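Structural characterization, general
One letter stands for each residue in the lines below.
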Amino acid sequence: METLVCEGLSKSYGSKLALNRIDLRLEEGRIVGLLGPNGSGKTTLIKLASRLLVPSEGRITICGEEPSEITKALISYLPDRNFLPDWMNSEELLQMYGDFFGDFDEVKALEMLNNLNIDMKMPIKKMSKGTRDKVQLILTMSRHAKLYLLDEPIAGVDPASRDYILNTIINNYDEEATVLISTHLISDVESVLDEAIFLKEGEIFLHKNSDELREETGKSIDEYFREVFRC
Amino acid sequence: MLGKLVKYDFKAMSKIMFPIFMVMLGLSLVLGLMLKLRLDNGWVFGFIATAFIVAMIGSGIASIICISNRFNQGLLKNEGYLSFALPVKTGTHIIAKLLNGVIWSVFEGLAVLASICIVGMIAANSKELLEAYRFILKMFGLMDKDVIIGLLHAVSLSTLELIAGVCLIYAAYAIAHLFEKHKSLVMAGVILLFIVLRTMLTTNVIFSDAFGIRPEIWLWYLQSLIPIAVYTFITWFILDKRLNLE
């Protein structure tokens, strides 16, 4: 089954075209890397899927449905910034996620938070950036979603935290779900990717199976990415 | 979902507003006791009395800032990424914020009223309190059907005006969101523009002439309901179709 489908999808901000007639189909059970330099349209595509943006042209569907409150219940979205209310603590956030998302696994989230010895009563605003990032990721990955949209989950974190984040993603996503990871730090995520999408200036430069890409180019995805996007 | 949204907004507001209300009520207790014990001269009394008045005015300003800020932070800043990821319609978010704004405005009014009553009840002796009670009863006794209906209309229209005010702030935030720079200036301009437009329409259309007020009560309701509908539509349209969180 196709989890995410884009047909002639375009998005422009005023006169600036961020995505240009994208055609894309993502199957369930795949971990897909959305790869591209800054400004290539990665975040725009993820925001369109999350219905944080409305397309200028074309169509995007999630599990056959156009973005709406119905598809939001199917998507677990991790934005590229601190998005949790800073006046809340982890305990309140678990309750909030449980209240709004029927697929939220509170026991799993609690276990992960306890494993990291995170103080459940500590407000988000008092947490270090690293801890906050981990709480955000734990909440996102504790849902049994159909589509995980992870926007730059390892940007700006130390190497040890990167390993933790990637392991959390791999060990917690639903087997039948699709995981779309947007990043420009390819070497860190390459090993977990089933497919790679290269976004270049708002267009899909390539969309291939990771193994096929490595075989065809004789290079790692990271090496090939550097070649394609060399300045 | 609406109830859940209101619950979390209420919690967010209560973290700021309840301490302010507590300070105000605490000061009213102290002020009432000082009056009761005839300690009503000297700089300490002056300080407490001034602090009480500042707290009352400040709580009003704080509630307006908090109501505006909850909308801005919750929907148009980073927290908006979470809010708009929830499986909730845009309209439901707006109604939740509006309900929250109205609830806290009413709480603010009640807290100010309670503070003044506390001062009066502590400071007055039993004879004065009894007189006040009798006076209130007498006032209620004098009320006929027309006065009661008039009062109900006044309360309803005041509530609608309160809602219109909150909706105007939300619409101004939403319009300012469309601009990359000078958002505060845009907000101020939008609020001013809407107030001027509304005044012009109210004067020229709703009222019969500069001196005559039309007696039809529905016109009074209409002059509140139309702006509420316009402001809410603008807010909904921008948040639903033109949202671009950065």
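One can find the structure itself at the top, above this paragraph.
Everything quoted here is computed from the prediction, not taken from an experiment.

Listed per partner, the contact involves 26 residues of chain A and 26 residues of chain B. Here chain A meets chain B over a buried area of about 2600 Å², counting both sides, of which 60% is carbon and sulfur. Of all residues in chain A, L52, W87 and F100 of chain A give up the largest surface area on contact with chain B, accounting jointly for 28% of the area buried on that side. Between the two partners, chain A and chain B, sit four salt bridges. R51 of chain A is paired through a salt bridge with D240 of chain B; the nearest N and O atoms lie 3.3 Å apart. Summed over the shared surface of chain A and chain B, the result is ten residue pairs in polar contact (both at pLDDT 80 or more). Among the secondary structure elements, those contributing two or more residues to the side of chain A that touches chain B are α1 (42–50), α2 (69–72) and α3 (90–100) of chain A. The element that contributes the greatest number of residues to the side of chain A that touches chain B is α3 of chain A, accounting for six residues. In terms of residue class, the side of chain A that touches chain B is made up of 16 nonpolar, three polar and seven charged.

Quick look at helix α8 (residues 210–217) of chain A now. Between the side-chain oxygen of the N-cap and the backbone nitrogen of D211 of chain A there are 2.9 Å, and the N-cap of α8 of chain A in question is N209 of chain A. Positioned one or two residues after α8 of chain A, G218 of chain A has a phi angle of 70 degrees, which is positive.

Residue and element names in this part refer to chain A. What the six strands build is an open sheet, ordered β5-β6-β7-β3-β8-β9; its pairing is mixed. Each edge of the open sheet is held by one strand with a lone partner, namely β5 (75–78) and β9 (203–209). In this sheet, adjacent strand axes meet at a mean angle of 15 degrees when their direction is disregarded. When strand β8 (residues 195–200) meets β9, the two strands line up antiparallel, connected through six bridges. Bridge pairing in β9 links K200 to E203. Against the sheet, α1 makes contact with β3 (31–35), β5, β6 (147–151), β7 (178–183) and β8, and its axis sits at roughly 145 degrees relative to β6, the strand it touches most.

About the criteria used
Residues numbered from 1 in each chain as written. Chains lettered and ligands numbered in written order. Predicted model: local features only at pLDDT ≥ 70, side-chain atom pairs only at ≥ 80, totals over all residues. Heavy atoms only, no water. Contact = heavy atoms within 4.5 Å. Buried area = accessible area lost by both parts, 1.4 Å probe. Salt bridge = Lys/Arg side-chain N within 4 Å of Asp/Glu carboxyl O. Polar contact = N/O pair within 3.5 Å; in protein donor to acceptor, adjacent residues only side chain to side chain. Helix = DSSP H or I, 4+ residues; strand = E, 2+ residues; numbered from the N terminus. Nonpolar A, V, L, I, M, F, W, Y, C, P; charged D, E, K, R; others polar. Pairing = 2+ DSSP bridges. Axes fitted to C-alpha atoms, helices over the stretch in contact; angles between N-to-C directions.

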